[in-house]
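So you can see what is in the structure, the chains are spelled out below.
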Amino acid sequence: MSEASPGVDPASYLQRLLDGGVLIATGVDGVYGRSAAFEDVVERLDALITRAGRNDGAEVLRFPPAITQRDFEMSGYLHSFPHLAGTVHSFCGDERAHREILRCVGEGEDWTAGQKIAGLVLTPAACYPVYPVMAKRGGLPGQGRLVDVYSYCFRREPSLDPTRLQLFRMREYVRLGTPEQCLEFRETWLERGQALIASLGLPLEIDVANDPFFGRAGEIMAENQRRQKLKFELLIPVADPARPTACLSFNYHSDHFGQVWDIRTPDGALGHTACVGFGMERITLALFKHHGLDPAAWPEAVRAALWSRDRTPAA
Ligand code: AMP
Ligand code: ZN
């Protein structure tokens, strides 16, 4: 997907966002500051997603944007996406090593060679911290579990396409239970996701998708994922109208995480899992693209969907 597009250059939308002060350059592609207007939209979107799921009784959990090295290794991420992971390293040396670091920095040499892994890896998807936590609670109850998470995530994919960020936020609902419970959850969110995005006046399409698995073996994994329809995406044209951007993902992991963490249903079977992920920056960038850089001038229906307090009481 990184070849030059026959359509619009995504970098031109990035330039518009930077010129308009919506995003703020840091010097690294895919890492930007956000304006107050941008953050306001992200917050309202977050509230809208909460309203869409509020009758389901999800358990709200929030984690910092790093997972333990052990949980990361267990998750299997290194098998599939070694190229996207970001590890946290720190200085662990003595005063001599400190002097050496300062010398390297002063002379423009690499100072990072002595840095040691801090036992942490940046969270690659908001749902990753959930599975080990749920496993520690023991078996799943009969109705399974439903968790609401929201985190900054890191993926090393520098790009001039403003929708392809290295640090971005993902809001997720995560379902753990039987295959039926997971598939029903995914169906429900496929419907709700479309209704939510349509209420924001955005064009959308749903398609089967695959994750960007690494290497040759990855091509086979991607084919399997598509054939089994494990992943759907809600796509919106954003930076390049010819190549719509995945703004929501609907993932069914089958029993992958159940196996990894030995999560079981009451009858002793391996637990299955599914998640719906909302790319908060991507949806926000879609809104700025379709409705303009000034949210005050957005269509009344879109403003009402985002800014008016919900009038219907929770059932
Ligand atoms: P995934 O786990 O790849 O299905 O990602 C879940 C959602 O996060 C996607 O549907 C996107 O909306 C968003 N997302 C994934 N990668 C990026 C990225 N590099 N930049 C911004 N948003 C992303
Ligand atoms: Zn997930």
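Residues numbered from 1 in each chain as written. Chains lettered and ligands numbered in written order. Predicted model: local features only at pLDDT ≥ 70, side-chain atom pairs only at ≥ 80, totals over all residues. Heavy atoms only, no water.

Time to look at the pairing of strand 6 (residues 116–122). With three bridges connecting them, strand 4 (residues 66–68) and strand 6 associate as antiparallel partners. Residue pairing across strands places Ile67 opposite Val121, the latter belonging to strand 6. Examined bridge by bridge, strand 5 (residues 87–90) and strand 6 share four bridges and lie antiparallel to one another. Bridge pairing links His89 to Ile117 in strand 6. (Pairing = 2+ DSSP bridges. Helix = DSSP H or I, 4+ residues; strand = E, 2+ residues; numbered from the N terminus.)

Attention now moves to the site of ligand 1. Inspection of the region around ligand 1 gives 15 residues, with Arg155, Glu157, Leu165, Lys231 and Ser249 positioned closest. Ala246 is positioned such that a nitrogen or oxygen atom in its backbone is 3.1 Å from an oxygen atom of ligand 1. Contact distances for ligand 1 include 3.2 Å between a nitrogen atom and a side-chain N or O atom of Arg282. Computed on the free molecule, ligand 1 has an accessible area of 480 Å², of which 93% lies beneath the protein chains in the complex. For the shell around ligand 1, the secondary-structure elements that each account for two or more residues are strand 8 (167–177) and strand 11 (245–254). When residues of the shell around ligand 1 are assigned to their parent elements, the largest contribution, five residues, is made by strand 11. (Near = heavy atom within 4 Å. Polar contact = N/O pair within 3.5 Å; in protein donor to acceptor, adjacent residues only side chain to side chain. Areas by Shrake-Rupley, 256 points an atom, 1.4 Å probe, with all protein chains shown as cover.)

Confidence in the prediction of the protein chain, expressed as mean pLDDT, is 95, and 96% of residues score 70 or more. Per-residue pLDDT stays below 50 along residues 1–5; that stretch engages in five contacts with residues further than four places along the chain or on separate chains. Low pLDDT, under 50, characterises residues 311–315; the predicted model gives this stretch five contacts beyond four residues in sequence or across chains. (pLDDT = per-residue confidence, 0-100. Contact = heavy atoms within 4.5 Å.)

The next point concerns the pattern of salt bridges. Tallied over the full model, the rule gives 15 salt bridges. Where Glu59 meets Arg137, a salt bridge forms, and the shortest distance between an N and an O atom there is 2.6 Å. Taken together, the positions of Glu59 in strand 3 (residues 59–60) and Arg137 in the loop between helix 6 (130–136) and strand 7 (145–154) put the pair 78 residues apart, joining distant regions of the chain. The partly exposed category is assigned to Arg137, whose relative accessible area is 39%. (Salt bridge = Lys/Arg side-chain N within 4 Å of Asp/Glu carboxyl O. Buried < 20%, exposed > 50% of the residue type's maximum accessible area, 1.4 Å probe, protein only.)

Right, let's talk about the coordination of the zinc ion (ligand 2) for a bit. In the first shell of the zinc ion (ligand 2), the protein supplies Cys127 (SG), Glu172 (OE) and Cys275 (SG), at 2.1 to 2.4 Å from the metal. The sequence pattern describing where the donors of the zinc ion (ligand 2) fall on their chain is C-x44-E-x102-C. Here Glu172 lies in strand 8 and Cys127 lies in the loop between strand 6 and helix 6, a separation of 45 residues in the sequence. Accessibility assignment for this pair places Cys127 and Glu172 in one class, buried. (Donors = N, O, S within 2.8 Å, 3.2 Å for Na, K, Ca; no water.)

The next thing to look at is the side chain of Arg171. With respect to the helices and strands, Arg171 occurs in strand 8. Residue Arg171 is classed as buried on the basis of its relative accessible area of 0%. Of the polar contacts made by the side chain of Arg171, one reaches the side chain of Asp148; its length is 2.6 Å. When sequence neighbours within four positions are dropped, the list of residues in contact with Arg171 reads Asp46, Ile49, Thr50, Arg62, Asp148, Val149, Tyr150, Val276, Gly277, Phe278 and Met280.

Here helix 2 (residues 36–53) is 18 residues long and its end C-alpha atoms lie 26 Å apart, about the 26 Å a rise of 1.5 Å per residue gives. Turning to helix 2, its buried residues number three or more, namely Phe38, Val41, Val42, Arg44, Leu45, Asp46, Leu48, Ile49 and Gly53. (Expected span 1.5 Å × (residues − 1).)

Here we come to the sheet that holds strand 6. Strand order in this open sheet of three strands is 4-6-5, and the pairing throughout is antiparallel. For this open sheet the edge positions go to strand 4 and strand 5, each flanked by a neighbour on one side alone. On average, adjacent strands in this sheet sit at an angle of 45° to one another, irrespective of strand direction. (Axes fitted to C-alpha atoms, helices over the stretch in contact; angles between N-to-C directions.)

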